[in-house]
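Inside the fold
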Amino acid sequence: MEDIVSEFLVESYENLDRLDRDLIDLKKTPTDKELLGRVFKTIHTLKGSCGFLGFAKLESVTHVGETLLSRPSYMSSHSIPLQARLRRHSQIYVPIGHKSPVNR
């Protein structure tokens, strides 16, 4: 199991790096459907991996992101930063490196 989790971490860091770059680009061009599709695919991949490994809390965070991006209203509300919408819709947003009150 340790090998699987290690591989998950490597892949997750790669996905998060790509997601970070794509979200910055999406902020510049919020109506780019191809870019939005890449962001959605990355989040969906993370969600699937979390679900497979039983990381329910992380899976629920990625589910929120996926849900927000799949809403038809996303394109009309692109002026609201994605991070702000994630915080508003998720009570479990915690910056990396901080302890989550949910995990205590």
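Just so it is clear, the model here is predicted, and its values are computed rather than measured.

Things to note about the nonpolar core
In terms of nonpolar packing, the biggest core is built from seven residues, these being Leu19, Leu26, Leu35, Leu36, Val39, Ile43 and Leu69. Elements supplying a minimum of two residues to this core: helix 1 (2–28) and helix 2 (33–53). Counting residues per element, this core draws most heavily on helix 2, at four residues. Setting aside residues up to four positions removed in sequence, Ile43 forms contacts with Leu19, Thr62, Gly65, Glu66 and Leu69.

A short note on a negative patch on the surface
A cluster of like negative charges, contributed by Glu7, Glu11, Glu14, Asp17 and Asp20, occupies part of the molecular surface. In this fold, Asp20 is placed in helix 1.

Some points on the confidence of the model for the protein chain
Mean pLDDT over the protein chain: 76, with 67% of residues reaching 70 or higher. Predicted confidence for residues 89–104 stays below pLDDT 50, and this span has 16 contacts to residues more than four positions away or in other chains.

Focus on the pattern of salt bridges
Evaluation of the coordinates by the stated rule reveals three salt bridges. Where Asp22 meets Arg38, a salt bridge forms, and the shortest distance between an N and an O atom there is 3.3 Å. Of the two residues, Asp22 sits in helix 1 while Arg38 sits in helix 2, which places them 16 residues apart along the sequence. On the basis of relative accessibility, which here comes to 6%, the residue Asp22 falls in the buried class. Across the pair Glu66 and Lys47 runs a salt bridge whose closest N-O atoms are separated by 2.5 Å. In this pair, Glu66 is assigned in helix 3 (residues 56–70) and Lys47 in helix 2, connecting sequence segments 19 residues apart. Comparing Glu66 with Lys47, the two get one shared label, buried. Taken together, the shared-partner salt bridges in this structure form one network comprising Asp22, Glu34 and Arg38.

Quick notes on the rules
- Residues numbered from 1 in each chain as written.
- Predicted model: local features only at pLDDT ≥ 70, side-chain atom pairs only at ≥ 80, totals over all residues.
- Heavy atoms only, no water.
- Core = buried A, V, L, I, M, F, W, Y, C linked by side-chain atoms within 4.5 Å.
- Buried < 20%, exposed > 50% of the residue type's maximum accessible area, 1.4 Å probe, protein only.
- Helix = DSSP H or I, 4+ residues; strand = E, 2+ residues; numbered from the N terminus.
- Contact = heavy atoms within 4.5 Å.
- Patch = residues over 30% accessible without salt bridge, like charges linked within 9 Å, V, L, I, M, F, W, Y side chains within 5 Å.
- Areas by Shrake-Rupley, 256 points an atom, 1.4 Å probe, with all protein chains shown as cover.
- Salt bridge = Lys/Arg side-chain N within 4 Å of Asp/Glu carboxyl O.
- Lys, Arg positive; Asp, Glu negative; His and termini not counted.
- Charge placed at Lys NZ, Arg CZ, Asp CG, Glu CD.
- pLDDT = per-residue confidence, 0-100.

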